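Tertiary structure, described
These are the residues of each chain, in order.
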Amino acid sequence: MSNRRNFLKYSGLAAGSLILPKAISATERNPTIKTKSGKPASMKLRFRPYDLQLKHVFTIANNSRTTTPVMLTELEYDGLIGYGEASMPPYLGESHKTAAEFLSKVDLSSYNDPFEIEDIIQYIDSIAVGNYAAKASVDIALHDLVGKIVKQPWHKLWGLNRTKTPNTSFTIGIDTPEVVKEKVKEAEIYKILKVKLGRENDKEMIKTIRSVTNKPICVDVNQGWKDKQMALEMIQWLATQGVVFVEQPMSKLAVDDIAWLTLNSPLPIIADEAVQTVNDVAGLNKIYSGINIKLMKCGGMRNANKMALIAKAMGMKVMIGCMTETSCAVSAAAQLSPLADWADLDGNLLISNDIYEGTKVVDGKIILSDLPGIGIRLK
Ligand code: MG
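Notes on the structure in this doc start here. Fair warning: this is a prediction, and the values are worked out from it, not measured in the lab.

Here the focus is the coordination of the magnesium ion. Within the protein, D220 (OD), E247 (OE) and D272 (OD) serve as the donor atoms for the magnesium ion, at 2.1 to 2.2 Å. Residue class for E247 comes out buried when judged on its relative accessible area of 0%.

Below, the discussion takes up helix α10 (residues 255–264). Within the sequence span of α10, burial applies to I258, L261 and T262. Down the axis, α10 shows its buried residues gathered within 95 degrees of arc, on one side only. Turned more than 90 degrees away from the buried face of α10, the exposed residues are D256 and L263. Where α10 is buried, its residues meet α9 (228–239) and β8 (269–271).

Let us now look at the packing of aromatic side chains. Applying the stated rule across the entire model yields five aromatic pairs. Judged by centre distance (5.2 Å) and plane angle (55 degrees), the ring pair of Y83 and Y356 falls under tilted. On the criterion of sequence distance, the pair formed by Y83 in strand β3 (residues 80–87) and Y356 in strand β12 (residues 356–357) is long-range, its members being 273 residues apart. We classify Y83 as buried; its relative accessible area is 12%. Assessed through its relative accessible area of 2%, Y356 is described here as buried. Taken together, a centroid distance of 4.4 Å and an interplanar angle of 35 degrees make the contact between F245 and W342 tilted. Of this pair, F245 sits in strand β7 (residues 243–247) while W342 sits in strand β11 (residues 342–344), and the two are 97 residues apart along the sequence. When its relative accessible area of 1% is taken as the criterion, F245 is described as buried. Sitting above the plane of the Y132 ring, K135 keeps its charged end 5.3 Å from the centroid. The ring centre of W260 lies 4.6 Å from the NZ or CZ of K228, which sits over that ring.

Another aspect to go through is the pattern of salt bridges. Side-chain pairs of opposite charge can arise whenever the charged atoms involved come near each other. Under the criterion given, the structure shown has 15 salt bridges. The shortest N-O distance in the salt bridge between D220 and K196 comes to 3.1 Å. Of this pair, D220 sits in strand β6 (residues 217–220) while K196 sits in strand β5 (residues 192–196), placing them 24 residues apart in sequence. Taking the relative accessible area as the measure of exposure, D220 reaches 1% and is therefore buried. Looking at K196, the relative accessible area reads 8%, which means it is buried.

Nonpolar side chains collect at one region of the surface, where F115, V150 and L157 lie side by side and expose about 240 Å² of accessible area between them. Mapped onto the elements, V150 comes out in helix α5 (residues 132–150). Given the relative accessible area of 33%, V150 is considered partly exposed.

Tracing the sequence through the fold places N303 in helix α12 (residues 301–313). On the basis of relative accessibility, which here comes to 14%, the residue N303 falls in the buried class. Every residue in contact with N303, bar those within four places of it in the chain, is listed here: T277, V278 and C298.

Residues other than glycine seldom take positive phi values, yet N222 does so here, at roughly 50 degrees. Along the chain, the position of N222 falls in the loop between β6 and α9. Of the residues examined, N222 reaches a relative accessible area of 6% and is grouped as buried. Within the chain, Q248 stands out as a residue other than glycine whose phi angle is a positive 40 degrees. Checked against the element boundaries, Q248 lands in the loop between β7 and α10. We classify Q248 as buried; its relative accessible area is 0%.

Reading the values: rules and limits
- Residues numbered from 1 in each chain as written.
- Predicted model: local features only at pLDDT ≥ 70, side-chain atom pairs only at ≥ 80, totals over all residues.
- Heavy atoms only, no water.
- Donors = N, O, S within 2.8 Å, 3.2 Å for Na, K, Ca; no water.
- Buried < 20%, exposed > 50% of the residue type's maximum accessible area, 1.4 Å probe, protein only.
- Helix = DSSP H or I, 4+ residues; strand = E, 2+ residues; numbered from the N terminus.
- Arc of directions from axis to C-beta.
- Contact = heavy atoms within 4.5 Å.
- Phe/Tyr/Trp six-rings, centres within 6.5 Å; stacked < 30°, edge-to-face > 60°.
- Lys NZ or Arg CZ within 6 Å of the ring centre and 35° of its normal.
- Salt bridge = Lys/Arg side-chain N within 4 Å of Asp/Glu carboxyl O.
- Patch = residues over 30% accessible without salt bridge, like charges linked within 9 Å, V, L, I, M, F, W, Y side chains within 5 Å.
- Areas by Shrake-Rupley, 256 points an atom, 1.4 Å probe, with all protein chains shown as cover.

Right, here's the structure in full:
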């Protein structure tokens, strides 16, 4: 198994170079833990880099690309393996190198109880600032492992109704009218389309899509609009075109302008670039109508769940999104999707070399698998 060899090779980076606070020993922490073998077990983290191949060139307001680097993780404990993933689109600042450096510092030898998720995630977070995708790759693997130990998927452990998963939107990138029409046809099974705006031809994009379908559209501007008055006029026009909401219309730094837009907009305004993790959510109330939660931004499933609960408690809308990812990270996010008003979980559908299978999309709706943990298996 060359994959296993790669995992071992990269996890070899971890040896020896660490200075971390000395924790109490595993048996002192939890002397009662029982493993299948009857001996105290420890968690072993492995990781290896992988490049996702995109089916189409992916264009958003600021850049275009054809691959996305990811780091695949495995967390082994007592004969079970939890799978995780870090997806690192280059504009977010993480890379194979930074993730390998971060993951090399992870030492779980003092934790012999995977159920101590809160403590373990706090430790992972304390290793270094940032590195949210790398942190998510450990968090997802830990959740997958714990779900496998109790033989239940996370939507059940969270008490969520699996029939309440939303439809996922399917992203139509910025392109020529001919290509856009073709992509809309390819997206036939999806009930809601997502369109990236923030260029000169915004109205043309919407009109092109409207020439071939009446499906609801959600719009992501990726901070592309510069003037609040122009943004409001555009949103008012979009509201007449069957658009459902607008994501990150202006720079995340234009806080006053966005608060004004949200107050006056006929459509909900959703924060994406403006929201990173748990601590950001409360401060965005009244500035945005809702937040787009992504595991790679917030550090994983535990933080994503906290964010969703905080936002809902404040009456904000919740959207669950993703990067281009394999079915690993997408299925992990999908576990939370019954809590979401909208989902944009098409990242695994945009790549040609997924190594996992898990969450499916049937007639546009997210269908959670019966598998435990994050609900995936290797293809
Ligand atoms: Mg976005």
